[in-house]
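Here's the letter readout for the chains.
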Amino acid sequence: MKRPVAKAQAKTRKQPTVLGWRFAFVMLSLSAVFVALVARAAWLQVLEPDMLVTQGDLRTLRIESDKVMRGMILDRHGQALAVSVPVEAIWADPKEVIERNAAADERRWHALAEILQMTPQQLLQRIGDNPSRRFVYLQRQVNPAVVEYVRKLKVPGIHFRQESRRYYPAGEVAAQLIGFTNIDDVGVEGIEKRFNDLLTGTAGRKVFRKDAKGREIEVLEREASQEPADVVLSIDQRIQAVAYRELKKAVLAHGAASGSAVVVDVHTGEILAMVNSPSFNPNNRRNTPVHRFRNRAITDTFEPGSTMKPLAVLSALEFGNAKLDTMVDVSPGVMRIGGSWVRDPNNYGSLSLGGIIQKSSNMGVARLVLQIPHQNVIGLYSNLGLGQDTGTGLTGESSGIFSFRQRWSDFERATFSYGYGLSVTAVQLARAYATIGNGGVNRPLSILKVEQPEPGERVLKQEYALAMLEMMESSIAPGGTATRAQIPGYRVGGKTGTARKAVAGGYGNDYIASFAGVGPISNPRLVTVVVINEPAGDFYHGGEIAAPVFSQIMGAAMQLLNLPPDAQSRPRISAVRSTQNAG
């Protein structure tokens, strides 16, 4: 009876036993892992895909740019005044330098520091300041020989980058006019700043993907580079060089604080020369005082003194009772207006209008201006461009100080006629005289080469403008105040100016000497204005200091432009004869 029982027990033990809790644990774990993976995938793919895209782009996406050189600045004949030359910058990858322990190779590290004009410790400090950075400049716009030397050192983590550097062939001759760029090749002064957008091109750009071996597999975006434009100035570099040479000589010879000169083509309004002294070397501006960067011809204002007398006489002709043959009684050479005095150096008796200009009579212009409303005088000065923008568009140009108030004392009106009570720039004065030289037609000035001159606006009767040219010619004739402005072979005319510099509470002991003139008189083509600021010594009059500079600049300019000598031509009207018969 027992054998069947044993057989049944053995049969029962042969069937597998399932442990329910273990199976449940494994299944639960697998399910949890699966759910976690699905949730993570959903999170990355649906809710926050940008991170994966960014990481992928960092590994495969690359951007290349084409370097575009800055445009050239040229004179009217195509001579280069500013060009860009290719250079390189030396930079370091701090992370690479530190990871590869580049400083451990003392021989190479010390050689690198020495060529960069640093100590090894300074170089290491500069690179290791922030080890997490991947880029730091060591030196920019480096000499090619230095770049080649550093390249041969093969210091880990040291790399090179293409750049450009601005070079100015004219040097100090046109420094304030042309200006300069900063280390990033952006214009910060002068023409470089004024036309920065035009001179700056747009670099080409290509966005592409690469594979693990660095091969280009897909171009995603491509932008063509936009070449910069060249700027062609109205400047004639030959006249610019002569003007700077003569101005610099005068400033040094007379111990003056500074000086400016401007040459303008009266037919087109183009500025052929604009110079200042002292100047600076734009190719090496280290330790240069900031005030030397200023283009004084457009920024610095001054009381023009007697250079305003031709304008005062013209206002009497245009709006007063004066005629070309009018005689003005200036005796006894002094008159009291209010509590002040107006004086001439001598008693000239009776003067014609030409005689007033020739003798530079304060009494003469004061009597003329006092006979007409002051609004008419101010209006004519304004029509000739005083107190206004000249049209050059140059950065920093001053409009001068020009009062349009309604109430004027008689003494203020009198002094206004001979250049006190207003301030102008050299370029404004040049525009006013260019209007006279152009027969009374006022045109804006241009620093760019002009293909088709603007028609301009007539602001003076042609008869009066031509008569004034011959009156100003008498100023440099024997008996005039500017005999040193004469130019052999040419008829020229102009007016001297000598004005005390204003100080707090009145006028000091420093002077501004100036001369503005036109030539040739028979067929006016050029206007030249010379301003000498604070000459030292006993000579400070415009006829002694500024007139000789005018003579040298104007004479050379007319010859360079092949203007025919006109010394043998006859006057067209009787203004000179009236002048010679006066006082």
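Because the structure is a prediction, the values reported are computed rather than measured.

1. A closer look at the packing of aromatic side chains
Then, number 1: All chains considered together, the criterion is met by 13 aromatic pairs.
Then, number 2: With centroids separated by 6.5 Å and ring planes inclined at 40°, the aromatic side chains of Tyr381 and Phe402 adopt a geometry described as tilted. One end of the pair, Tyr381, is in helix α16 (residues 374-383); the other, Phe402, is in the loop between α16 and α17 (410-417), with 21 residues separating them in the sequence.
Then, number 3: Since its relative accessible area comes to 0%, Tyr381 is described here as buried.

2. Quick word on the sheet that holds strand β18 (residues 506-519)
Then, number 1: Read across the sheet, five strands follow the order β10-β9-β19-β18-β17 without closing on themselves; strand pairing throughout is antiparallel. Bordering the open sheet on either side are β10 (271-277) and β17 (493-503), each of which pairs with just one other strand. For this sheet the average axis-to-axis angle between neighbouring strands, irrespective of direction, equals 10°.
Then, number 2: Sheet topology places strand β9 (residues 258-265) next to β10; six bridges connect them, and they run antiparallel. Across the sheet, Ala261 pairs through a bridge with Val275, a residue of β10.

3. So, helix α19 (residues 462-475)
Then, number 1: Taking 1.5 Å as the rise per residue, α19 with 14 residues should run 20 Å; its terminal C-alpha atoms sit 20 Å apart, in good agreement.
Then, number 2: In terms of residue burial, α19 counts as a mostly covered element, since 11 of its 14 residues are buried.
Then, number 3: Turning to α19, its buried residues number three or more, namely Tyr464, Ala465, Ala467, Met468, Leu469, Glu470, Met471, Met472, Glu473, Ser474 and Ser475.

4. Concerning the nonpolar core
Then, number 1: The biggest cluster of nonpolar side chains holds 91 residues, and the ones touching the most others in it are Ile178, Ile191, Leu311, Val313 and Tyr381.
Then, number 2: Here the element with the most residues in this core is helix α18 (residues 426-437); it accounts for eight residues.
Then, number 3: The next biggest cluster of nonpolar side chains, apart from the first, holds 34 residues, and it includes Tyr244, Ile487, Ile545 and Met558.

5. Brief notes about the packing of helix α5 (residues 106-115) against helix α6 (residues 120-128)
Then, number 1: It is the contact of α5 with α6, at a shortest axis distance of 8 Å, that shows an interaxial angle of 90°. With respect to α6, the element α5 is oriented roughly perpendicular. For the pair α5 and α6, contact is made by Trp109, His110, Leu112 and Ala113 and by Pro120, Leu123, Leu124 and Ile127, respectively.
Then, number 2: When grouped by side-chain class, the residues that make up the contact of α5 with α6 number seven nonpolar, one polar and no charged.

6. Examining unusual backbone geometry
Then, number 1: With omega at 0°, the peptide bond leading from Ser277 into Pro278 counts as cis.
Then, number 2: Take Pro278: it is sitting in the loop between β10 and α12 (296-299).
Then, number 3: Here the bond from Gly519 into Pro520 is cis, since omega is -15°, no more than 30 degrees from zero.
Then, number 4: With respect to the helices and strands, Pro520 occurs in the loop between β18 and β19 (526-533).
Then, number 5: A positive phi angle, close to 50°, is found at Gln141, a residue other than glycine.
Then, number 6: Assignment of secondary structure puts Gln141 in strand β4 (residues 136-142).
Then, number 7: Residues other than glycine seldom take positive phi values, yet Asp185 does so here, at roughly 65°.
Then, number 8: Turning to its location among the elements, Asp185 is positioned in the loop between α8 (175-178) and α9 (190-194).

Calculation notes
- Residues numbered from 1 in each chain as written.
- Predicted model: local features only at pLDDT ≥ 70, side-chain atom pairs only at ≥ 80, totals over all residues.
- Heavy atoms only, no water.
- Phe/Tyr/Trp six-rings, centres within 6.5 Å; stacked < 30°, edge-to-face > 60°.
- Helix = DSSP H or I, 4+ residues; strand = E, 2+ residues; numbered from the N terminus.
- Buried < 20%, exposed > 50% of the residue type's maximum accessible area, 1.4 Å probe, protein only.
- Pairing = 2+ DSSP bridges.
- Axes fitted to C-alpha atoms, helices over the stretch in contact; angles between N-to-C directions.
- Expected span 1.5 Å × (residues − 1).
- Core = buried A, V, L, I, M, F, W, Y, C linked by side-chain atoms within 4.5 Å.
- Parallel < 35°, antiparallel > 145°, perpendicular 65-115°, else oblique.
- Contact = heavy atoms within 4.5 Å.
- Nonpolar A, V, L, I, M, F, W, Y, C, P; charged D, E, K, R; others polar.

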